[in-house]
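Results of the structural survey
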Amino acid sequence: MALPIRFQEHLQLQNVGINVPAIGSATLTMESDKFICVREKVAETAQVVIIDLADAANPFRRPITADSAIMNPASKVIALKVGKSVQIFNIEMKSRMKAHNMTDEVIFWKWVNVNTVALVTETSVYHWSMEGDSQPVKMFDRHSNLAGCQIISYRADAALKWLLLIGITAQQNRVAGSMQLYSVERKVSQPLEGHTAAFAQFLVPGNTEPSTLLTFAVRTPTGGKLHVIEVGTPTAPNQPFQKKTVDVYFPPEAQADFPLAMQVSTKYDVVYLITKFGYIHVYDLESATCIFMNRISAETIFVTAVYEATSGIIGVNRKGQVLSVSVDEKTIVPYIRDTLHNPDLALRIATRNGL
């Protein structure tokens, strides 16, 4: 039976001159499917290497010393962090756009959209807009449930009304996941248990306006779960989205595995979940039904982004493989109908996507 997904290897970073020690979360960032940014030492010189995935054979190298470097998701603009100083440069114009000295050290940061960098310190989360000469603005204080956690992710919905901070910590021979969900409008935080999450807009059948959904996955001592919930209160005449919870299967040989990365396909309304051990799980967003699961990498895929070309997920593993997984339009409906024996879901996905 033909699989419902397409797997593609786009690039091997070692083949374009990236050294293996630099292929890891401390030195490699990928804020979108456009650029991969690597900090590495060549001889005694610190360099920042920018790989434009549309022209991967020609990496752009510059002698830059920084503690962290993240490329803008859309344009040749780079954010650099040195100590408590954060700066934003336009690479093509060779000009510094903005700079700011933080009071506290930034321990995690991320572009949340093309105009905004999120800065996470030990105590708070700030948003720094590219517009004008604005300074970073404090969005919220960190919840006590994230104390002592290694911050691994930060997510926001498209309207920047819902913000989510994610951290992990070692507990009794396992990795525990803690999240803080914050409502900008209500100025209220909610602690949640989870390892990875993503926001999505979903039009519930019969509703006139899309609902803002949060999908998140967790592995606790008792097992793995995927949750899909609506955040906020639906505005009339919208009906609320019925929350879904399903088990996330971990094979017996993957006892220490946990959910690591998640992206939602806006085109197909499916959730791509990747685990620490390199398994991919594909779920229908609306029903949380698991459509497919398989191991795609023997190495940890430590960074991911939405792969816009196919509305899939793209990631980099520790060996330097840049790989993507997408829904296969030709096979997904027959696969759900004939292999999963779920004609209702097959019809829903076919109707939703005009397949």
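Overview of the structure. Throughout, a residue's number is its position along its own chain's written sequence, starting from 1. Selection of residues for local features in this predicted model requires a pLDDT of at least 70, selection of side-chain atom pairs for listing and counting requires 80 or more, and totals for whole chains, interfaces and linings are taken over all residues. To obtain the side-chain values, all non-hydrogen atoms of the structure were used and water was disregarded.

1. With respect to the sheet that holds strand β14 (residues 150-156)
Here a strand pair is declared whenever DSSP counts at least two bridges between the two strands. A helix here means a DSSP run of H or I that spans at least four residues, while a strand means a run of E at least two residues long, and both kinds are numbered starting from the N terminus. Spatial ordering of the open sheet is given by β14-β15-β16-β17, a layout of 4 strands whose pairing is antiparallel. Taken across any chain shown, the strands that pair with only one partner, and hence form the sheet edges, are β14 and β17 (188-193). Sheet twist, expressed as the mean angle between neighbouring strand axes with direction ignored, is 20 degrees. As judged from the 10 bridges shared by strand β15 (residues 162-171) and strand β16 (residues 174-183), these two strands associate in the antiparallel manner. Of the residues in β16, the one forming a bridge with L163 is Y182. Note on geometry: axes are lines fitted to C-alpha atoms, helical ones only across the stretch in contact, with angles between N-to-C directions running from 0 to 180 degrees.

2. Considerations on the nonpolar core
Working definition of a nonpolar core: buried Ala, Val, Leu, Ile, Met, Phe, Trp, Tyr and Cys residues. They are joined through side-chain atoms within 4.5 Å. Per-residue accessibility, obtained with a 1.4 Å probe over protein chains only, is compared with the maximum for each type, and a residue is labelled buried under 20%, exposed over 50%, and partly exposed between these values. Core analysis: the largest hydrophobic core is formed by 24 residues, its most contacted members being Y272, I280 and I291. Sorting the residues of this core by element identifies β23 (270-275), β24 (279-284), β25 (290-295), β28 (321-327), α1 (332-339) and α2 (343-353) as the ones contributing at least two each.

3. Comments concerning the environment of F292
Inspection of the secondary structure puts F292 in strand β25. F292 sits in the buried class, given a relative accessible area of 5%. Taking the C-alpha atoms as reference points, F292 and G206, separated by 86 residues in sequence, lie 28 Å from one another. Only heavy atoms enter the contact rule, under which two residues are in contact if any of them lie within 4.5 Å. Here F292 is in contact with L3, P4, I5, I280, H281, V282 and Y335, once residues within four sequence places are set aside.

4. As for α2
Of all the residues in α2, the buried ones are L345, A346, I349, A350 and N353. On an axial view of α2, the arc spanned by its buried residues comes to 130 degrees, and they lie on one face. What points out from α2, more than 90 degrees from its buried face, is the exposed set P343, D344, L347 and T351. Lining the buried residues of α2 we find β24, β25 and α1. Within two residues after α2, G354 carries a phi angle of roughly 60 degrees, on the positive side. As used here, the arc belongs to the directions running from the helix axis to the C-beta atoms.

Function-wise, these values are silent; they only describe arrangement.
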